[in-house]
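Descriptive structure summary
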Amino acid sequence: MANAASGMAVLDECKLKFLELKTKRNYRFIIFKIENQEVVVEKLGSPDETYEDFTSSLPADECRFAVFDFDFITDENCQKSKIFFIAWSPDTSRVRSKMVYASSKDRFKRELDGIQVELQATDRSEMSLDIVKARAL
């Protein structure tokens with residue numbers, strides 16, 4: 001259902017796929033895009049894909065929302081996982097696109113219950129693996 005504030009609908013498929021990532025760990029990442037006033041699933045990353053596979057799946061000059069299930073080992077040698085929400089808004093994307101994604105981000109993120117860390121990036125250096133690791137700990 002479209003929200004009057006952002007005018008954006010979030011398809012149930014988005015929520016269902018996120019739930020599968022969170023509970024069943026069926027996916028390593030999900031990339032979402034806004035199409036015809038709706039947030040839709042663009043790509044699902046299989047559990048064996050890496051962070052590099054994920055970042056190379058993001059378009060160089062178009063905005064996207066994404067979630068990434070990041071596995072890491074703490075200083076105490078414990079295996080952990082955190083779900084990142086990434087707002088990808090490259091400097092080279094169109095201004096209108098950046099505005100649409102920016103105005104829809106908070107509402108969309110609220111639909112995904114279980115996001116642990118949020119990251120906003122305008123180029124790949126702002127979402128390097130080192131930055132993700134630092135934010136996870």
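Described below are features of the structure shown in this document. (Residues numbered from 1 in each chain as written. Predicted model: local features only at pLDDT ≥ 70, side-chain atom pairs only at ≥ 80, totals over all residues. Heavy atoms only, no water.)

**Describing the nonpolar core**
- The biggest cluster of nonpolar side chains holds 21 residues, and the ones touching the most others in it are F32, V39, V67 and F108.
- Listed by contribution, the elements that provide at least two residues to this core are α1 (12-24), β2 (29-35), β3 (38-45), β4 (64-73), β5 (79-88) and α3 (95-111).
- The residues contacting V39, other than those within four sequence positions of it, are M8, A9, V10, L11, C14, F32, K33, I34 and F108.
- Judged by nonpolar contacts, the second largest core, of 18 residues, contains F29, I31, F84 and M127. (Core = buried A, V, L, I, M, F, W, Y, C linked by side-chain atoms within 4.5 Å. Buried < 20%, exposed > 50% of the residue type's maximum accessible area, 1.4 Å probe, protein only. Helix = DSSP H or I, 4+ residues; strand = E, 2+ residues; numbered from the N terminus. Contact = heavy atoms within 4.5 Å.)

**Thoughts on the sheet that holds strand β6 (residues 117-121)**
- With respect to topology, 6 strands assemble into an open sheet ordered β1-β3-β2-β4-β5-β6, the strand pairing being mixed. For this open sheet the edge positions go to β1 (9-10) and β6, each flanked by a neighbour on one side alone.
- As paired elements, β4 and β5 share 10 bridges and run antiparallel to each other. Its bridge partner being in β5, D71 is matched across the sheet by S81.
- Across the sheet, α1 lies against β1, β2, β3, β4 and β5, angled at about 35 degrees from β3, the strand it touches most. (Pairing = 2+ DSSP bridges. Axes fitted to C-alpha atoms, helices over the stretch in contact; angles between N-to-C directions.)

**Here's the deal with unusual backbone geometry**
- Phi angles above zero are rare outside glycine, and R25 is one such case at about 60 degrees.
- Among the secondary structure elements, R25 is positioned in the loop between α1 and β2.
- Here the phi dihedral of Q37 falls at roughly 65 degrees; this positive angle occurs in a residue that is not glycine.
- Structurally, the position occupied by Q37 is in the loop between β2 and β3.

**Description of the environment of A102**
- Take A102: it is sitting in helix α3.
- Sequence separation of A102 and E62 is 40 residues, and the distance between their C-alpha atoms is 13 Å.

These figures capture arrangement, not role.
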